[in-house]
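# Structural overview for review
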Amino acid sequence: MTSPLPRSANAWRLAHLSDPHLTVPDWRHWREMLNKRAPGYLAWRRRRRHVHRREILDALVQDIGCQQPDHIALTGDLTQLGLASECHQARHWLEQLGDGETVSVIPGNHDTYAPERGASPLSLWGPWMQDDPEPDTSSPSRSCLTQSRDNRAAFPWVRRRGGISLIGTSTALPTPWTMATGGLGDAQLERLAECLSRAGQRGDYRIVMIHHVPCPGMIRWRKRLTDMAAFRQVIRRCGVELVLHGHAHRPLLGWLDTPTGRAPALGAPSASLSHPEPAGYALLDIMPITKGWSTTVTYRTLSGHSGHWHFTTRDSARLPDVNASTITAA
Ligand SMILES: [Fe+2]
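Figured I'd write up the structure that's included with this text.

Rules used throughout
Residues numbered from 1 in each chain as written. Predicted model: local features only at pLDDT ≥ 70, side-chain atom pairs only at ≥ 80, totals over all residues. Heavy atoms only, no water. Pairing = 2+ DSSP bridges. Helix = DSSP H or I, 4+ residues; strand = E, 2+ residues; numbered from the N terminus. Axes fitted to C-alpha atoms, helices over the stretch in contact; angles between N-to-C directions. Contact = heavy atoms within 4.5 Å. Donors = N, O, S within 2.8 Å, 3.2 Å for Na, K, Ca; no water. Tetrahedral: all angles 85-135°; square planar, octahedral: opposite > 155°, others 65-115°.

## Digging into the sheet that holds strand 6 (residues 205–210)
If you walk across this open sheet you meet the 6 strands as 4-5-6-7-9-8, and the pairing is mixed. The sheet terminates laterally at strand 4 (157–161) and strand 8 (252–258), the two strands that pair on one side only. Neighbour to neighbour, the strand axes of the sheet diverge by 25° on average, direction disregarded. When strand 4 meets strand 5 (residues 164–168), the two strands line up antiparallel, connected through 5 bridges. Note that in strand 5 the partner of Arg160 across the bridge is Ser165. Across the sheet, helix 5 (residues 228–238) lies against strand 6 and strand 8, angled at about 55° from strand 8, the strand it touches most.

In structure tokens, the structure reads:
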């Protein structure tokens, strides 16, 4: 049993994991596969099922438990092909991971792999992917996941934990074969600006969760965030304290301009990858300090082999402190 990394008594510990790709494709009707899913299934059979391994994910979840986080943030790509049966499998796994009070989820591009004929099966993840039970009454009105084919209509959600606001976005939408792009869309960007402004007015430490990489030059063109410039413009105008993303399957650090400086964007490794990059996750200790916040990030990465996995602390760094007076609400 791993002992938890030391932390200050008043630190709020967040575990950030991403891209577990934990499901096994299992379709109920051939019509479900008459699209991009057919070549996607072959790619999974040939390669992906050998590199994303459930035993690695299980070891990672066990290590997270040892670190006793106050909350878990999961930035998408739970499935392979976004089939309804896979969303059921992922829901079962989420139920084991924790309830909606302690686990927050956003979808990734694999979770909306092909267009749906009816409502999005992502509604199965509702308890982990929605506003707090008693949402901010001034929250922008949104369609329910069960009523919309475009899951993005239900985002962003906002969850408050103490003085921390978690804001979950969706960039997940079906794309042509070979493409893995994503986008927020103008309507969601508008709502995101409202959420950031309201949380800023409260003086909250704002964390935005987004699946795609929000910084230029870090990922291939076919995997890009198509409206990255518009997203960065919202951040430049409304501010944020931290952005968490996935999609790249490796740890990344980028920066976004804010009205008072710049904010870090942290990318998590895949939570189930055997190679070429090691699996891992990030632990963030966020702590109130005099007139502001401090944030320490620690990456835990896995090594070893089947049945003998162990995690090592690879990098640990204190991010620039946030001065409460610089949290803005443009
Ligand atoms: Fe992805």
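## Regarding the coordination of the iron ion
The coordination sphere of the iron ion, as far as protein atoms go, consists of Asp77 (OD), Asn109 (OD1), His211 (NE2) and His247 (ND1), spread over 2.1 to 2.3 Å. In this structure, the iron ion is surrounded by 4 donor atoms whose angles at the metal cover 86 to 167°, and the resulting shape is irregular. In primary-sequence terms, the residues that donate to the iron ion follow D-x31-N-x101-H-x35-H. A residue pair is termed long-range when its members are at least 10 positions apart, and Asn109 in the loop between strand 3 (103–106) and strand 4 and His247 in the loop between strand 7 (242–245) and strand 8 qualify at 138 residues.

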